[in-house]
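Fold and contact review
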Amino acid sequence: MEVSPFQIENMERYKLLIGSVVPRPIALVSTLSSEGEPNLAPFSFFTVAAYNPMILVFFPLRYKKGLEFKDTVLNIRETAEFVINIVTEDIAEAVNTCSGLYEKGANEFVISGLTAEKSRIVKPFRVRESPIQFECRLHKMITISEEPGGSDAIFGEVIHMHIKDELITEHKIDVKKLKPVAKLAGPEWSTIGEVFNLDRPKVG
Ligand SMILES: Cc1cc2nc3c(=O)[nH]c(=O)nc-3n(C[C@H](O)[C@H](O)[C@H](O)COP(=O)(O)O)c2cc1C
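Quick summary incoming for the structure in this document. Everything numeric in this text was worked out from a predicted model, so none of it was measured. Numbers given to residues run from 1 along each chain, matching the order in which its sequence is written. pLDDT decides what is reported in this predicted model: residues at 70 or higher carry local features, side-chain atom pairs at 80 or more are listed and counted, and totals for whole chains, interfaces and linings draw on all residues regardless.

**Re the overall build of the protein chain**
To be explicit about the condition: Labels follow the DSSP assignment, with helices taken as runs of H or I lasting at least four residues and strands as runs of E lasting at least two, numbered in each case from the N terminus. Put simply, the radius of gyration uses C-alpha atoms, and a globule should come to 2.2 Å times the residue count raised to 0.38. With C-beta atoms placed from the backbone, a residue is labelled by how many other C-beta atoms lie within 10 Å of its own: buried for 20 or more, exposed for 12 or fewer, partly exposed between the two.
Each helix and strand counted, the protein chain has five helices and 15 strands in total. Since a compact globule built from 204 residues should have a radius of gyration of about 17 Å, the 18 Å found for the protein chain is in line with a globular shape. The buried share among the 204 residues of the protein chain stands at 27%.

**Digging into the environment of Glu 157**
Test applied: Contact between two residues is assigned when their C-beta atoms, built from the backbone, lie within 7 Å.
Note that Glu 157 resides in strand S11 (residues 150-163). Overall, the presence of 17 C-beta atoms within 10 Å leaves Glu 157 in the partly exposed class. For Glu 157 and Met 141, which are 16 residues apart along the polypeptide, the C-alpha to C-alpha distance reads 12 Å. Those residues in contact with Glu 157 that lie beyond four places of it in its chain are Pro 53, Met 54, Ile 55, Cys 136, Arg 137 and His 139.

**Some thoughts on the sheet that holds strand S14 (residues 182-183)**
Keep this limit in mind: Think of it this way: DSSP has to see at least two bridges between two strands before they count as a pair.
Spatial strand order, S1-S14-S15: three strands in an open sheet with antiparallel pairing. Every other strand in the sheet has two partners, leaving strand S1 (24-25) and strand S15 (189-190) as the edge strands with one partner each. Note: S1 against S14, two bridges, orientation antiparallel. Residue pairing for S14: Arg 24 is matched across the bridge by Lys 183.

**Considerations on the site of the ligand**
For the record, the criterion: Put plainly, near means the residue's C-beta atom, positioned from the backbone, lies within 6 Å of the molecule or strand in question. Residues are sorted three ways: Asp, Glu, Lys and Arg are charged, Ala, Val, Leu, Ile, Met, Phe, Trp, Tyr, Cys and Pro are nonpolar, and all the rest, Gly among them, are polar.
Around the ligand, a shell composed of 17 residues is seen, among which Ala 41, Phe 45, Leu 61, Lys 70 and Thr 72 lie nearest. Among the secondary structure elements, those contributing two or more residues to the shell around the ligand are strand S3 (38-43) and helix H2 (71-79). Here the shell around the ligand is composed, by residue class, of nine nonpolar, five polar and three charged.

**Details of the pairing of S11**
In the sheet, strand S5 (residues 54-58) pairs with S11 via four bridges, with the strands oriented antiparallel. Residue pairing in the sheet places Val 57 in a bridge with Phe 155 of S11. Judged from the two bridges that link them, strand S6 (residues 61-62) and S11 form a sheet pairing that is antiparallel. Bridge pairing links Arg 62 to Gly 150 in S11. Strand direction decides the pairing type here: strand S10 (residues 132-143) and S11, joined by 11 bridges, are antiparallel. Bridging across to S11, Thr 143 finds its partner in Asp 152. The loop that links S10 with its antiparallel partner S11 comprises six residues; one of these, Gly 149, has a positive phi angle of about 95°.

**Considerations on the nonpolar core**
Taken as a class, soluble globular proteins show a tendency for nonpolar side chains to be buried jointly. For clarity, the cut-off: Structurally, a nonpolar core is described as a collection of buried Ala, Val, Leu, Ile, Met, Phe, Trp, Tyr and Cys residues joined by way of C-beta atoms within 7 Å.
Counting 28 residues, the largest nonpolar core has Ala 27, Leu 28, Val 29, Phe 58, Val 83 and Ile 84 as its most contacted members. Every element with two or more residues in this core is listed here: strand S2 (27-32), S3, S5, H2, strand S7 (81-86) and S10. Examining the composition of this core, we find that four residues originate from one element, S7, more than from any other. Not counting residues within four places of it along the chain, the set of residues in contact with Ala 27 comprises Pro 42, Phe 43, Phe 46, Phe 58 and Ile 84.

**Some thoughts on unusual backbone geometry**
For the bond running from Val 22 to Pro 23, omega is -10°, close enough to zero to count as cis. As for its placement among the helices and strands, Pro 23 is situated in the loop between helix H1 (10-20) and S1. Phi angles above zero are rare outside glycine, and Ala 80 is one such case at about 60°. Position of Ala 80 relative to the elements: it lies in the loop between H2 and S7. One non-glycine residue, Glu 170, adopts positive backbone phi at about 50°.

Put into structure tokens, the structure is as follows:
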């Protein structure tokens, strides 16, 4: 099949992308509004951008007309701080409940039953049940497109990390202990599956 992105509908573009770029790790992003209301939402358009400085990036979509910014974006624009919590098997269902289209001000910590724990440096809470939590300060926000299906790239500099001691084996995070989950297309999620090693080619 040959596909021109210029000759298909937005929904078709969305389905092709989210079905092809899999599995996607999930950032559970905790923010606070300027009035101090907590917000929690998952984002699977999420990855590492750099490690010096340590930068993570995620992309809230502008997927509906009239819904210019998701609450997460509004809050980060107001406060420039957030916490990215890594999503694991134990909390997948609770995290999913945070993705409902609740009105601004709704507290997804209460809705999901996840526990709000004070952060070390930033004001937004971290999620106690998540074994890795990154306290972030907004590094840069870049609008990809304001059209439905466009997004804002939110780059955060990690300024503090919380990592459960039990996850560490020989100074590394042990993925078998972490048990992360990832997003596929539609309602599908996945666990880590089989892990195999490949040595990088030695050239020169
Ligand atoms: C696992 C998962 C991953 C998601 N990834 C994204 C994403 O990358 N970008 C996005 O805009 N919405 C994503 N969503 C939907 C948002 O979580 C949802 O729109 C949420 O209500 C936004 O919350 P907020 O308005 O409080 O910021 C995802 C939902 C789930 C369940």
